[in-house]
Amino acid sequence: MRTELLGLALDEALDLLQKEGVEPIVQRTCAPRRAEETRGTLRVVSATDTVLTAARFLDPISDP
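Rules behind the numbers
- Residues numbered from 1 in each chain as written.
- Predicted model: local features only at pLDDT ≥ 70, side-chain atom pairs only at ≥ 80, totals over all residues.
- Heavy atoms only, no water.
- Core = buried A, V, L, I, M, F, W, Y, C linked by side-chain atoms within 4.5 Å.
- Buried < 20%, exposed > 50% of the residue type's maximum accessible area, 1.4 Å probe, protein only.
- Helix = DSSP H or I, 4+ residues; strand = E, 2+ residues; numbered from the N terminus.
- Contact = heavy atoms within 4.5 Å.
- Polar contact = N/O pair within 3.5 Å; in protein donor to acceptor, adjacent residues only side chain to side chain.
- Pairing = 2+ DSSP bridges.
- Axes fitted to C-alpha atoms, helices over the stretch in contact; angles between N-to-C directions.
- Salt bridge = Lys/Arg side-chain N within 4 Å of Asp/Glu carboxyl O.

Student: Tell me about the nonpolar core, and please be specific about residues and values.
Tutor: Formed by Leu5, Leu8, Leu10, Ala13, Leu17, Leu42, Val44, Ala47, Leu52 and Ala54, the largest nonpolar core amounts to ten residues. At the level of secondary structure, the elements contributing two or more residues to this core comprise α1 (10-19), β2 (41-47) and β3 (51-57). When residues no more than four places from it in sequence are discounted, the contact partners of Leu5 are Ala13, Leu16, Leu17, Val44, Ala47 and Leu52.

Student: Describe the environment of Lys19, listing the residues and the values that go with them.
Tutor: Within the fold, Lys19 resides in helix α1. The spatial distance from the C-alpha of Lys19 to the C-alpha of Leu8 is 16 Å, given a sequence separation of eleven residues.

Student: So what's going on with the side chain of Thr53? Which residues, and what values?
Tutor: Tracing the sequence through the fold places Thr53 in strand β3. When its relative accessible area of 15% is taken as the criterion, Thr53 is described as buried. Here the side chain of Thr53 touches Gln27 through a polar contact of 3.3 Å, side chain to side chain.

Student: With reference to specific residues and values, describe the sheet that holds β3.
Tutor: Strand order in the open sheet made by the three strands is β1-β3-β2, with mixed pairing throughout. Looking along the sheet, the strands with just one partner apiece sit at the ends: β1 (25-29) and β2. Within the sheet, the average angular offset between the axes of one strand and its neighbour, ignoring direction, is 35 degrees. Here five bridges tie β1 to β3, and the two strands are oriented parallel to one another.

Student: Before we move on, could you go through the pattern of salt bridges and cite the residues and values that matter?
Tutor: Pairs can form between side chains of opposite charge once their charged atoms are near each other. In total, this model carries four salt bridges according to the counting rule given. Glu4 serves as the salt-bridge partner of Arg2, at 2.6 Å between the closest nitrogen and oxygen. Residue classification places Arg2 among the buried residues on the basis of a relative accessible area of 12%. Taking the shortest distance from any N to any O, the salt bridge between Arg2 and Glu20 comes out at 3.0 Å. Here Glu20 lies in the loop between α1 and β1 and Arg2 lies in the segment before α1, a separation of 18 residues in the sequence. Accessibility expressed as a relative area gives 47% for Glu20, which makes it partly exposed. Put simply, Arg2, Glu4, Glu20 and Asp49 are held in one network by salt bridges that share partners.

By themselves, these are just geometric observations and shouldn't be taken as functional.
Below is the structure:
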């Protein structure tokens, strides 16, 4: 398990792994009712040396 990658944005995790010369398989997961959701940020929820699993998290609401 690559715990240092957990919670990172998917692009960030991929950049770190690319610098190590690793090209992992990327899997995406979501709740069935959110399958078409495009808002938010894909974040790493599981990571091994060869597979990253990412789920979409809605960004926090910012105060105006």
